[in-house]
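Read off the chains here:
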Amino acid sequence: MTFDSVLHAMQQTLAGPLANPHMAQFGPEAVLNDDLHIDSVVLINLLVHLETDHGVAIPERDFRKEDFVTVADLIHVLLASPSAAVAIEPEAAPANQDPSEITVHCFVSCLCAAIRRHEGLDFRPFYFGTWDSDFAVTAQQHLAYHSAEMTQDHYIRWVEQLYGIRVSQWHDPALSKSDNLTRFEKLLHTPATDRQLVVMLDMFHLPERDTKYNQDPFPHFVIIEPTADPEVWHMNDPDYRWRGDLPRAAILNAMAQPSVAGGYILDSTRARAPEPQDLVAYFNATFRPDANPLTDALRRIITYHGHPERPLALPELEIALRELPVLSLRKYAYEHAFAFFWRALGLSFAAFDAHCDQVEALCEGFRRLHFQAAKLAHTRDRDQLPELIAALDALDRLEFTIKTALHAQFQTWCRTTQVAASISPNRSHETRAILKGEPA
């Protein structure tokens, strides 16, 4: 394959089966994310089509965002040839070098933003267990990061017990959407000290915020603040590390969508540091030493769609796993936990970095698995199923290894702080997936 032949295949794929609406920007220098709006899901499908339809060999290696920025960069990676862009050392450290700059869970990130407003409070332990946080599997056996049946009660209860931050709902399910928006506006302009307003909105209907994630609907929690201009509101999106002013009408429109409902008041006036025994209870309540819920759900979904008696289900596997990238990012919460114990115990950076490498390998493994599943759905070749299940088994082993190392650090921290780890790790499946219906 040559550079030009891969470029042509990429153009055909994006303009044809992937129906990319931004092809006017296509060219070797086009930026994949900014110009062509290629998110992680589109990238996986692009690679599947390049390999299966055009014979472009996809290297057996991990694809990291920092490895390519433009179309030309990606082609150089596929051809395993040097690229000027990737040869340049990044000015900033990679994201995984700074655990505070990781996108993990939008509601948890909003609560952590309230914690971080207070000097001396460490937000990192609040990410305990987020790696196994709730998700849903629909009746059609599709993975979903959001469901109307989900609540935030677990995090609301614990942020108050740990940090003294009180969380109450401003959104009233008994009121109409219009009445709730009116209620929110009045609240937004009511003076208050150390209070933040969290809203759920549909990012798909907020084009002013281009996240390059082609999800519809795209429920997401952010913090809204007033400005001196009543027609302009300030948005703080802690999970995406984005702040900026947006038109009031645009935010209200995104909040008014039927795909979203909910909002909270965060009151930090009595914020305080957590007591060690409360951190022990929180760790034990969220730690799942005997299960990896996401991997378990993936095994059920893949087995369901790959069953020979359901020939029409196999092509749907790509859609069934479309939201996997959102959930696999939650595994980066392990880095927050390791960072907390690393600093509290004065461990070496090398040891911490080695754990981060394992977490990165886990996240990359989920990305590789997503590619394999999309390829299986596209080719409908069931001979690939054993390889996919083997990949799941490997991810299972790796995550249990990470959990074992983390639990050992937790026990050391308990001994160091002279807090008894007397509460057994959670075996009640409190954070289990919400399963809707049973496989046919």
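Quick caveat: nothing in here was measured; it's all calculated off a predicted structure.

> What should I look at first to understand the overall build of the protein in this one?
For the protein, the helix and strand inventory stands at 15 helices and nine strands. Burial status across the protein gives 53% buried among its 440 residues. Contacts spanning at least 24 positions in sequence make up 73% of the contacts within the protein whose residues lie at least 6 apart. For the protein, the exposed area adds up to about 19600 Å²; of that, 53% sits on carbon and sulfur atoms.

> Honestly, the pattern of salt bridges in this entry has me stumped. Any pointers?
Side chains carrying opposite charge are able to pair once their charged atoms draw close together. Taken as a whole, this structure holds 15 salt bridges when the rule is applied. With a shortest N-O distance of 2.5 Å, Asp-122 and Arg-124 are connected by a salt bridge. Under the relative-accessibility criterion, Arg-124 is labelled buried at 12%. Notably, a salt bridge pairs Asp-393 with Arg-299, separated by 2.8 Å at the nearest N-O pair. Here Asp-393 is found in helix α15 (residues 385-416), whereas its partner Arg-299 is found in helix α10 (residues 293-306), with 94 residues between them in sequence. Note on Asp-393: relative accessible area 30%, which makes it partly exposed.

> What should I look at first to understand the packing of helix α2 (residues 40-54) against helix α14 (residues 349-379) in this one?
Two measures define how a pair of helices packs: the angle their axes make with one another and the distance between the axes. Direction vectors running N to C along α2 and α14 enclose 50°, while the axes themselves pass 9 Å from each other. Viewed along their axes, α2 and α14 adopt a mutual orientation that is oblique. In this structure, α2 crosses over α14, and the sense of that crossing is right-handed. Of the residues in α14, those touching α2 at Val-41, Ile-44, Asn-45, Leu-47, Val-48, His-49, Glu-51, Thr-52 and Asp-53 are Arg-367, His-370, Phe-371, Ala-374, Lys-375, His-378 and Thr-379. Residues that form the contact of α2 with α14 fall into these classes: six nonpolar, six polar and four charged.

> How do you make sense of the packing of aromatic side chains when you look at a structure like this?
For any pair of aromatic rings, the description rests on two quantities: the centre-to-centre distance and the angle between the ring planes. Taken as a whole and judged by the stated rule, the model has 25 aromatic pairs. One aromatic cluster in this structure is built from Phe-126, Phe-128, Tyr-155, Trp-158, Tyr-163, Tyr-282, Phe-283, Phe-287, Phe-340, Phe-341, Phe-410 and Trp-413.

> Explain the sheet that holds strand β6 (residues 232-237) to me, please; I cannot follow it from the model alone.
Where strands meet in a sheet, backbone hydrogen bonds hold them as pairs that are either parallel or antiparallel. Across the sheet, which stays open at both edges, the six strands sit in the order β3-β8-β4-β5-β6-β7 with antiparallel pairing between neighbours. Both outer strands of the open sheet, β3 (166-169) and β7 (242-247), are each paired with one neighbouring strand and no more. Taking the axes of each pair of neighbouring strands and ignoring which way they run, one obtains an average angle of 35° across the sheet. Examined bridge by bridge, strand β4 (residues 195-202) and strand β5 (residues 219-226) share six bridges and lie antiparallel to one another. The partner of Asp-202 across the bridge, within β5, is Pro-219. Most of the contacts of helix α5 (residues 106-116) go to β5, to which it runs at about 30°, and overall it touches β3, β4, β5 and β8 (263-267).

> How should the pairing of β6 be read in this particular structure?
Within a regular strand, the side chains alternate between the two sheet faces. Taking burial as the measure, the six residues of β6 include five buried ones, the bulk of the element. Pairing between β5 and β6: four bridges, direction antiparallel. From the neighbouring strand, Pro-226 faces β6, where its bridge partner is Trp-233. Counting the residues that bridge the hairpin from β5 to β6 gives five residues.

> Please clarify how the packing of helix α1 (residues 3-15) against α2 should be interpreted in this entry.
Two numbers describe how α1 lies on α2: the axes approach to 10 Å, and their chain directions differ by 115°. The handedness of the crossing between α1 and α2 is right-handed. The residues of α2 that touch α1, namely those facing Ala-9, Met-10, Gln-12, Thr-13 and Leu-14, are Leu-46, His-49, Leu-50 and His-54. Class assignment for the residues of the contact of α1 with α2 results in five nonpolar, four polar and no charged.

> Would you explain the pairing of β8 in this entry?
Most of β8 sits out of view: four of its five residues are buried. Pairing analysis gives four bridges linking β3 to β8, with the strands arranged antiparallel. Residue pairing across strands places Arg-166 opposite Asp-267, the latter belonging to β8. By the bridge criterion, five bridges tie β4 to β8 in an arrangement that is antiparallel. Following the sheet pairing, Arg-195 is matched in β8 by Asp-267.

> Got a minute to help me understand the side chain of Ser-133 in this structure?
When you line up the elements, Ser-133 lands in the loop between α5 and β1 (136-137). On the accessibility criterion, Ser-133 (6% relative accessible area) is buried. At a separation of 3.0 Å, a polar atom in the side chain of Ser-133 contacts the side chain of Arg-330. With residues near it in sequence (within four places) discarded, Ser-133 still touches His-105, Tyr-155 and Arg-330.

> Sorry, what's going on with the confidence of the model for the protein here?
Mean pLDDT for the protein: 87, with 88% of residues reaching 70 or above. Under a pLDDT of 50 for its full length, residues 83-99 has, in the predicted model, 16 contacts with residues more than four places off or in other chains. A low-confidence stretch, residues 427-440 (pLDDT under 50), is modelled with 29 contacts involving residues beyond four sequence positions or located in other chains.

> Whenever I open this one, helix α3 (residues 71-78) confuses me. Can you help?
Helical geometry note: an α-helix holds 3.6 residues per turn, so side chains three or four residues apart project in the same direction. By the criterion of burial, α3 is predominantly enclosed, with seven of the eight residues buried. Within α3, the full set of buried residues consists of Val-71, Ala-72, Asp-73, Leu-74, Ile-75, Val-77 and Leu-78. In the stretch just after α3, Ala-80 is the one whose phi turns positive, near 55°.

> Teacher, can you tell me more about the environment of Asn-45 here?
Topologically, Asn-45 is positioned in helix α2. Separated by 330 residues in sequence, Asn-45 and Lys-375 have C-alpha atoms that sit 8.0 Å apart. Contact partners of Asn-45, with chain neighbours within four places excluded, come to Leu-18, Glu-318 and Ala-374. Engagement of the side chain of Asn-45 in a polar contact is seen with the side chain of Glu-318, the distance being 3.0 Å.

The rules behind the values
- Residues numbered from 1 in each chain as written.
- Predicted model: local features only at pLDDT ≥ 70, side-chain atom pairs only at ≥ 80, totals over all residues.
- Heavy atoms only, no water.
- Helix = DSSP H or I, 4+ residues; strand = E, 2+ residues; numbered from the N terminus.
- Buried < 20%, exposed > 50% of the residue type's maximum accessible area, 1.4 Å probe, protein only.
- Contact = heavy atoms within 4.5 Å.
- Areas by Shrake-Rupley, 256 points an atom, 1.4 Å probe, with all protein chains shown as cover.
- Salt bridge = Lys/Arg side-chain N within 4 Å of Asp/Glu carboxyl O.
- Axes fitted to C-alpha atoms, helices over the stretch in contact; angles between N-to-C directions.
- Parallel < 35°, antiparallel > 145°, perpendicular 65-115°, else oblique.
- Left-handed = near helix turned anticlockwise from the far one by under 90°.
- Nonpolar A, V, L, I, M, F, W, Y, C, P; charged D, E, K, R; others polar.
- Phe/Tyr/Trp six-rings, centres within 6.5 Å; stacked < 30°, edge-to-face > 60°.
- Pairing = 2+ DSSP bridges.
- Polar contact = N/O pair within 3.5 Å; in protein donor to acceptor, adjacent residues only side chain to side chain.
- pLDDT = per-residue confidence, 0-100.

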